[in-house]
Amino acid sequence: MAKDSVLITVAGPDNPGITQSLMQIIDDHNGQIADMGQAVTHGRLSLSILLSSNTSAGEEASVLKDLLFEANKMGLNLTYQYLNMGETISPPGSNHKFILNCVAVEDLTASFMLALSQLLAKNSVNILRINNVSPGNFKSLEITTTLPRDTDLKFLKEQLLNISTEHHVDMAFLKDNVFRRSKRLIVFDMDSTLIQTEVIDEMAEVMGVGDEVRAITEMAMNGELDFDESLKQRVSKIKGITEGQLKAVLDKLPLTQGAEEFINTVKNLGYKVGIISGGFTYFAEALKEKLGLDYAFANELEIKNGAFTGQILGQIVNATQKAMILKVIAQQEKIALEQVVAIGDGANDLPMLSAAGLGIAFHAKDIVKKSAEQHLSHGPMTTILYFLGIPGPGDQD
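Here we summarise the structure given alongside this text. (Residues numbered from 1 in each chain as written. Predicted model: local features only at pLDDT ≥ 70, side-chain atom pairs only at ≥ 80, totals over all residues. Heavy atoms only, no water.)

1. Brief notes about the pairing of strand β7 (residues 140-147)
Okay, step 1: Counting buried positions along β7 gives eight out of eight residues, so the element sits mostly inside the fold.
Okay, step 2: Of the two faces of β7, the one lined by S140, E142, T144 and T146 and the one lined by L141, I143, T145 and L147 are each fully buried.
Okay, step 3: Looking at chain direction, strand β5 (residues 96-104) and β7 are connected through eight bridges and run antiparallel. Paired with I99 across the strands is T144, a residue of β7. (Buried < 20%, exposed > 50% of the residue type's maximum accessible area, 1.4 Å probe, protein only. Helix = DSSP H or I, 4+ residues; strand = E, 2+ residues; numbered from the N terminus. Pairing = 2+ DSSP bridges.)

Written as structure tokens, this is what we have:
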């Protein structure tokens, strides 16, 4: 029979120097560490150390005695158990590691944790580690999981969406690879994403055709009407709007909650940030300047004699163009698509979301949430920081 390994578990109040003291003893006895893990929950330490079977029997007994004495001296509880070598190997087929981020506006509830753990167990998803990434409260978790090779990811994400909707918790289920924490470019849709309104609807309101244009916008964003056709219909109804009226609309545009803080955070970390919009350059360029963005692409209104002629200059920035522009920016910046984040809310954003390594449907229409890989439907834009492995607001000290 293969020689057993020893799993040592230490628990108690967390303090600096605990790991150092235990490692000193193991090293003094020439112990060989095969694995270890540590977590701190509400100031309480849980530390596990797997001593290799290569440690000699004499040294093993001696190291356990000294570890027990040292743990007792530090006010810690130390237990150990012998494991057969076969027990130390990961379950067969569980080699796909995913990170599940859960972020609530208020605290996470027991009913949410129950529903989530039931779903994961039902799909044979194993939880390796749970980290509370918002110290001082219980609103955001990073859960490390492993999945069987035959997991139906599409079905699992659909079920996660149902739990998210029911419990008002935003979740992202991301493969744990080298690109997860190495995003370098973020692109936004503008209308109803970076800002809390559809600019063309506000323009139409000024011209007295708000209800007509809003109805067309809604159909386009839900994928019920071709975007190019919908844009032509809408701009025809706002022909004659003046530059002065455009400026008045611009001055009243409300930024989405958390957008400015989110952008400032990622810009300070060296991200490139841009707008790719089916809206209009007049507004996109103004937001680019206000927020210190690197890029802004949108449709250009033809202005003559101080008023809009009803015509769009150049090619319409539709769904296909959005995805293409994203790829062009990434290529220009020498950034892999896996390192790109795209954020949008409408059906015309789906190709752009699919092209990015991380595509997020932000407070989106149902058709978009169901089609996008990830979604954020409850919290402010700063929630995305957690999805990127960046401490959220108030957690960065």
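2. Observations regarding a nonpolar patch on the surface
Okay, step 1: Taken together, the side chains of L68, Y80 and Y82 define a hydrophobic patch exposed on the protein surface, amounting to about 280 Å² of accessible area.
Okay, step 2: Within the secondary structure, Y82 is located in strand β4 (residues 77-83). (Patch = residues over 30% accessible without salt bridge, like charges linked within 9 Å, V, L, I, M, F, W, Y side chains within 5 Å. Areas by Shrake-Rupley, 256 points an atom, 1.4 Å probe, with all protein chains shown as cover. Salt bridge = Lys/Arg side-chain N within 4 Å of Asp/Glu carboxyl O.)

3. Some details on the nonpolar core
Okay, step 1: F262, F280, F283 and L388 are the most contacted members of the largest nonpolar core, which has 58 residues in total.
Okay, step 2: Here F283 is in contact with M190, V199, M203, L246, V249, L250 and L253, once residues within four sequence places are set aside.
Okay, step 3: One finds I335, L350, M352 and A364 within the second-largest nonpolar core, a separate group that totals 21 residues. (Core = buried A, V, L, I, M, F, W, Y, C linked by side-chain atoms within 4.5 Å. Contact = heavy atoms within 4.5 Å.)

4. Topic: the packing of aromatic side chains
Okay, step 1: The tally for this structure, following the rule as stated, stands at five aromatic pairs.
Okay, step 2: Ring centres of F98 and F173 lie 4.9 Å apart, and the angle between their planes is 15°; on these two criteria the pair is classed as stacked. A residue pair is termed long-range when its members are at least 10 positions apart, and F98 in strand β5 and F173 in strand β8 (residues 169-175) qualify at 75 residues.
Okay, step 3: Exposure remark for F98: the relative accessible area of 7% places this residue in the buried category.
Okay, step 4: By relative accessible area, which is 3% here, F173 ends up buried.
Okay, step 5: Both rings, one in F188 and one in F262, keep their centres 6.0 Å apart while their planes meet at 90°; by these two values the pair is edge-to-face. Here F262 lies in helix α10 (residues 259-268) and F188 lies in strand β9 (residues 185-188), a separation of 74 residues in the sequence.
Okay, step 6: Residue classification places F188 among the buried residues on the basis of a relative accessible area of 0%. (Phe/Tyr/Trp six-rings, centres within 6.5 Å; stacked < 30°, edge-to-face > 60°.)

5. Concerning the sheet that holds β7
Remark on secondary structure: sheet strands pair via backbone hydrogen bonds, oriented parallel or antiparallel.
Okay, step 1: Here four strands make up an open sheet; going across it, the order is β6-β7-β5-β8 and the pairing antiparallel. Strands at the two margins of the open sheet, each flanked by one partner only, are β6 (126-132) and β8. The mean inter-strand angle of the sheet, taken between neighbouring strand axes irrespective of direction, is 20°.
Okay, step 2: Where β6 and β7 come together, six bridges link them in antiparallel fashion. Bridge pairing in β7 links R129 to T144.
Okay, step 3: Of the strands in this sheet, β5, β6, β7 and β8 touch helix α3 (residues 110-122), which is tilted by about 165° from β5.
Okay, step 4: With respect to the sheet, helix α4 (residues 153-167) is in contact with β5, β7 and β8, its orientation differing from that of β8 by roughly 160°. (Axes fitted to C-alpha atoms, helices over the stretch in contact; angles between N-to-C directions.)

6. Side note on unusual backbone geometry
Okay, step 1: Backbone geometry places H168, a non-glycine residue, at a positive phi of 55°.
Okay, step 2: By the secondary structure assignment, H168 is in the loop between α4 and β8.
Okay, step 3: Despite not being glycine, K334 shows a phi value in the positive range, around 60°.
Okay, step 4: In this structure K334 comes out as exposed when scored by relative accessible area, which is 71%.

7. Some details on the sheet that holds strand β11 (residues 295-304)
Okay, step 1: If you walk across this open sheet you meet the seven strands as β12-β11-β10-β9-β13-β14-β15, and the pairing is mixed. If you trace the sheet from one side to the other, it starts and ends with β12 (307-313) and β15 (374-376), each paired once. Adjacent strand axes in the sheet meet at a mean angle of 30° when their direction is disregarded.
Okay, step 2: Of the strand pairs in this sheet, β11 and β12 are connected by four bridges, and their pairing is antiparallel. Paired with E300 across the strands is L313, a residue of β12.
Okay, step 3: Sheet contacts for helix α12 (residues 319-332): β9, β10 (272-280), β11 and β13 (340-344); angle to β10, the most-contacted strand, approximately 155°.

Purely spatial values, then, with no claim about function.
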